[in-house]
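# Summary of structural features
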Amino acid sequence: MSATELVAASPVLVNPQDSSARKKSRNTPFEGHVSKGWQIAVTLGMVVAAVYFLLPVYWLLVASTKSTSDLFSTWGLWFAGDFNLFDNIAALSSYDGGIYWRWTVNSIIYSVFGSILTTIVSALTGYALAVYRFRGRKILLGAVLGSLLVPGTVLAQPTYVLLVGMGLNNTYAGLLLPALVYPFGVLLCYIYAQSAVPLEIIEAARIDGAGEFRIFGSIAIRMMMTGMVTVLLFAFLGSWNSYMLPLLVLTDQELMPLTVGLTGWNQASITVPGLQILTVVGSMLSIIPIAIVFVSLQRYWRSGLAAGGVRF
């Protein structure tokens, strides 16, 4: 037998790269077909979800440009003949002495100050639970986790009774003080501090003579920034959309947020038809601050995710 025949007949001398290449060439069309199918399915799912969430916003934009008569006599998903958006905004601003803008300022105060205070308290608590070891720590963690199972509406009435007993009903503090207790923010900061703040860095800072508050303010906050921004956004959205507690605590119309004020207009529109279009326009304008906050904080999410990918 010649050398050429021996090489051809020997399975050991076959190049394994050629075999793997042939297997890859056989599997590639099938794998590519499956991958493309999943891409199409995911894309369709995202399109359906986007339509589901954006359709009410689109309806608000279209309805805000109509008059009161056109609001009920024309198709809801398309514009009417007359463009009345600016006239509706002017009527909204002048109605009841411009009370709508007072409600807007109140919502901004409750949401901005409340979310900042909530984020600070949540970060301090989550950091302490992640870094320090003390008696009763696991019980406290269990209580925080268990409190997530309690709906906020269940706590509204007891919170109102406590605020009345403290003399804080019908005040700004009556809504800002309960916002400091945010179990979801505490749990999120605890989880993020565990993964983002190495204990070795804290020990090194202690050896250098740094105090605990200085370590938290100079080191831990920077490492927990992504988690804190997430808590800030959730706290802002929760405070902006809060309805039950402000409804119970506040009786003065000058202190009400947008949610309570617009709901009152919607109920009164049964007897006052002009309030129907004002409620629609007011609801449309109330979306703008949420969109601004979300877009402005999104870049912090992206930078934090990129930094986490490099760090981990």
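Located above this text is the structure these notes cover.
Criteria and thresholds
Residues numbered from 1 in each chain as written. Predicted model: local features only at pLDDT ≥ 70, side-chain atom pairs only at ≥ 80, totals over all residues. Heavy atoms only, no water. Axes fitted to C-alpha atoms, helices over the stretch in contact; angles between N-to-C directions. Helix = DSSP H or I, 4+ residues; strand = E, 2+ residues; numbered from the N terminus. Parallel < 35°, antiparallel > 145°, perpendicular 65-115°, else oblique. Left-handed = near helix turned anticlockwise from the far one by under 90°. Contact = heavy atoms within 4.5 Å. Nonpolar A, V, L, I, M, F, W, Y, C, P; charged D, E, K, R; others polar.

Two numbers describe a pair of packed helices, the interaxial angle and the distance between the axes. Running from N to C, helix H6 (residues 137–147) and helix H9 (residues 183–196) point in directions that differ by 130°, and their axes come no closer than 8 Å. Our classification of the angle between H6 and H9 gives oblique. The chirality of how H6 crosses H9 is left-handed. Across from Arg137, Leu141, Val144, Leu145 and Ser147 in H6, the residues of H9 making contact are Pro183, Val186, Leu187, Tyr190 and Gln194. The residue makeup of the contact of H6 with H9, split by class, is seven nonpolar, two polar and one charged.

Our next topic: the packing of helix H5 (residues 99–131) against H9. Here H5 crosses H9 at 50°, and the two axes come no closer than 7 Å. Relative to H9, the element H5 is oriented oblique. H9 is crossed by H5, and the crossing has right-handed handedness. Packed against H5, whose contacting residues are Ser122, Ala123, Thr125, Gly126, Tyr127, Leu129 and Ala130, the element H9 presents Gly185, Val186, Cys189, Tyr190, Ala193 and Gln194 at the interface. Its residues assigned to classes, the contact of H5 with H9 shows eight nonpolar, five polar and no charged.

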